[in-house]
Amino acid sequence: MKRKIFLSIIFVLFSCLSVYPEKNVSGWLQFEFGRSASKGLEHDLSNVSAVCDFQFFDTEVLAAVRNDTQSFDFTGKIFYIPFSFEFEKLFINLGFDSYYHQLRYMDISEDHDVVLDTVFELKTKKGFAFRHELGWTCKWNRIYALEPYIDPFFDHSVSMIFSIEKKWQSGMELFFSLGSHNLYRYNLFVSPCYDFGAAYTINNLVRFNGAVEIQMSDQYTAAPMLKYMQIKFGTRFIF
Amino acid sequence: MKRTEKIFRIIFLLLACAFFTACDYGMYFFASGQDDADGRASSLSVLSGENLPELDVTSMPVYSFAIISDVHIGTTLSNNRDDKAFIKSFMELLKSSDPAQRPQFVISLGDELDSGRKWQADEYNKLLKKISDAAKAELGVSRYHTYSIVGNHDLYNNGWNIWKTEIYPYRSFYKIPLGNFSYYILDTGNGTLGYKQLEAFEREIRKDTNKKICFSHYPFYANGIWLFTIQDTKERARVLTALVNNDFLLLGEGHKHKLIECSMGDLKERVMGSLTFQRVYCLVTVDNNNQTVSTRTINF
C-alpha cells in the first residue's frame, strides 16, 4: 500500500511539473492529513491525500489521491470555462466540469464514478464567491464476492453542489459547500456531503487550511445519522 | 440592498415550506440525535427461553413462518389497510392441512408505525394481538411471537422511545437461534448499520456455523436499485460480502413497498411489498433436514 501512495504522489508531482514551464500556467500542490471521528465505517481512521491543480487559458485540471488503511481513492477533474463576463463589481463564469473517481475498498469492492456538470460561478471583486454545479452522475460498483452471480451495480442520479467562499485581502478565507458529492465521496443525492473550513494564505505562495467534512446517512427518507465526520489539515504550495 | 434582502427572504420562506411539508414526521433532522444506530444497536442480543417460539420448531423436519412488512399504522397515504382480510387469510394458513405450512411465528420487516407515535404503537399491538389470538387458538400454544424490526418511519418524532418500550421484542439488533438455523435481525432505521452494529454482526456470523437468515428494513441490493437501499457502497459491499461468505440462505427486506427477488448463489434476497399498501405478505418454509428455505407470496 505504501508503494501505491508513493507512486500516486509521484504521478501527481509529475503532472504538475510537466505543465509548469508553459506560459499562462498557474497551479498548486496540496498535501492534507485527515482524521475521522469514531463514527461510521471510517471509524477512527487517518488518511493522507495529495492534490495537484493547474490552470491554463480557460481550463483547470486537477488530480487527487487519498489513502487510508482501508481504501484508496483517485479523482481526476477537468473544468472548462468558455464564457466569462466582467461587470462593474463582479465576474460571472459559465462552464462545464467533469470528474472521474475510482475507489478501491479493501479486497471487497471498487467504485467508478463519472460526473458531468454545468458550472455557474459568481465572484465579486471584494472576494466573495458563489459556485453552483448541476449535472448528472453515473456510478459503477463491483463487489468481488458477488461477481459470479450478478453484474456490477450501475446507476445514475442528479449531481449538485453549492459552495460559497469569502477571501479577505489579509489572506484569510472561509468556505462552505453542500453537495451530492465532494472530491472523494460520490454517494447518491440523499446522502449529502458538507464541507466547511478556513484557510490562510501567505504572500500568495503558501496556504494553510483546516476543514471539517461531514456526511449524513440517507437524509431524505430516514431519521438521519451522522455517518462520517473528518477533520483535515493541509498545506498548499502555489506556483 | 433591499432587493437582495427580499430575494433572501423568499428563498428562506421556500426552504421553510419545503422543510415543513412532512410535518407529521417531526423536525427529524434536528430531533433525531438520540435515534442513532450506534446507540440502539451497539451489541447483539441473543433471544432465548420465553422469547423463542413455544413449539420446538427445531425438532420439526419442516416448518414455516410468516413475514409482514411496512404496516405503516397511521399513514394518510393509503386507505387500503384491511386487517380483517389479512387475519382471514392468515387463519387459512393456520388451518392448513399440512402442519409444515402453518406459520409458527411472524417477522415484521419495519415501518410498523408511520410516524413513531404512541397511539400507532397501541394500534399495531392490537393487530399483533389478533394474529396471536388466532394462532394460539389454531396451534394450541400459549405464546405466539411477532418479531418486529425497526424502520425509518418508526424513528420519526423520536419514536425509538416508544418503540423500545411498546414493540416486542423491545430491541432492534438481535439473533433468534432456532436449531440448525440462526436468524439475524438488523437495525437499519437510519439507513445505515453504523460501525458498532456492523462490527458486532460480522464478528458473530464468523463464529456461527449454522445456516443463516437475515432481516433488515432497508434493502442492500434489490436488483441494483439505489434509492431506497443502503446508500453507502462500502457498507453494502461489506454486508453483502459477509452474507454470501457466511452461509446465509435468505435476506428479507422491506422499505421499497414492492416485491423484488434476486439470487446471489445460495443467498436469495426478497424485498417485500407492504401489508397496507399492496396487501401482501409472505410465507417462508424452512427445511431442517435439507437445510433449505423457500418463500411464497400471499395476496389478500
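Residues numbered from 1 in each chain as written. Chains lettered and ligands numbered in written order. Predicted model: local features only at pLDDT ≥ 70, side-chain atom pairs only at ≥ 80, totals over all residues. Heavy atoms only, no water.

Caption draft 1: Representation of the packing of aromatic side chains. A complete count under the given rule lists 22 aromatic pairs over all chains for this structure. Both rings, one in F54(A) and one in F56(A), keep their centres 5.9 Å apart while their planes meet at 20°; by these two values the pair is stacked. Under the relative-accessibility criterion, F54(A) is labelled buried at 9%. For F56(A), a relative accessible area of 27% corresponds to the partly exposed category. Plain terms: the ring middles of F65(B) and F105(B) are 4.8 Å apart, the flat faces sit at 5° to each other, and that makes the pair stacked. Here the residue F65(B) occupies a position in strand 2 (residues 62-68), and F105(B) occupies one in strand 3 (residues 103-108), the gap between them amounting to 40 residues. As far as the burial class goes, F65(B) and F105(B) line up, both buried. Through a chain of ring-to-ring contacts, three or more aromatic side chains come together here, namely F65(B), F105(B), Y147(B), Y168(B), Y170(B), Y183(B) and F215(B). Over the face of the ring belonging to Y228(A) we find R185(A), whose NZ or CZ atom lies 3.3 Å from the ring centre. Here R40(B) stacks its cationic end above the ring of W160(B), 5.7 Å away from the centre of that ring. (Phe/Tyr/Trp six-rings, centres within 6.5 Å; stacked < 30°, edge-to-face > 60°. Buried < 20%, exposed > 50% of the residue type's maximum accessible area, 1.4 Å probe, protein only. Helix = DSSP H or I, 4+ residues; strand = E, 2+ residues; numbered from the N terminus. Lys NZ or Arg CZ within 6 Å of the ring centre and 35° of its normal.)

Caption draft 2: Geometry of the interface of chain B and chain A. Residue-level contacts link 40 residues of chain B with 38 residues of chain A. Between chain B and chain A, a total of about 3,400 Å² is buried, with carbon and sulfur atoms accounting for 66% of that surface. Looking only at chain B, the three residues that lose the most surface to chain A are W226(B), Q231(B) and K234(B), adding up to 22% of its buried area. Between the two partners, chain B and chain A, sit 2 salt bridges. Salt-bridge contacts for E42(A) lead to K234(B); the nearest nitrogen and oxygen are separated by 3.0 Å. (Contact = heavy atoms within 4.5 Å. Buried area = accessible area lost by both parts, 1.4 Å probe. Salt bridge = Lys/Arg side-chain N within 4 Å of Asp/Glu carboxyl O.)

Caption draft 3: Local environment of the packing of helix 7 (residues 194-207) of chain B against helix 8 (residues 233-245) of chain B. Residues and elements named next belong to chain B. Direction vectors running N to C along helix 7 and helix 8 enclose 15°, while the axes themselves pass 11 Å from each other. By the criterion of interaxial angle, the relationship of helix 7 to helix 8 is roughly parallel. As for how helix 7 packs across helix 8, the hand of that crossing is left-handed. Across the interface between the two elements, G194, L198, E199, F201, E202 and I205 from helix 7 touch E235, R238, V239, A242 and L243 from helix 8. (Axes fitted to C-alpha atoms, helices over the stretch in contact; angles between N-to-C directions. Parallel < 35°, antiparallel > 145°, perpendicular 65-115°, else oblique. Left-handed = near helix turned anticlockwise from the far one by under 90°.)

Caption draft 4: Molecular detail of the sheet that holds strand 11 (residues 280-287) of chain B. Residues and elements named next belong to chain B. Here 5 strands make up an open sheet; going across it, the order is 4-3-2-11-12 and the pairing mixed. Taken across any chain shown, the strands that pair with only one partner, and hence form the sheet edges, are strand 4 (146-148) and strand 12 (292-299). Strand-to-strand, the axes of this sheet are offset by a mean angle of 25°, without reference to chain direction. In terms of strand pairing, strand 3 meets strand 4 through 3 bridges, oriented parallel. Among the inter-strand pairings, V106 is bridged to a residue of strand 4, identified as T146. Contacts from helix 4 (residues 83-94) reach strand 2, strand 3, strand 11 and strand 12, with the element oriented near 20° to strand 11. (Pairing = 2+ DSSP bridges.)

Caption draft 5: Geometry of the nonpolar core. Counting 34 residues, the largest nonpolar core has F153(A), F201(B), F220(B), L240(B), L243(B), F248(B) and M264(B) as the members making the most contacts within it. For this core, the elements supplying multiple residues, two or more each, are helix 7, helix 8, strand 8 (248-253) and strand 9 (260-264) of chain B. Contacts of F220(B), omitting those with residues within four sequence positions, involve F153(A), L186(B), T188(B), L193(B), I230(B), R236(B), V239(B), L240(B), L251(B), E253(B) and E269(B). Formed by 32 residues, the second largest nonpolar core is a distinct cluster that contains V71(B), F86(B), I167(B) and I298(B). (Core = buried A, V, L, I, M, F, W, Y, C linked by side-chain atoms within 4.5 Å.)

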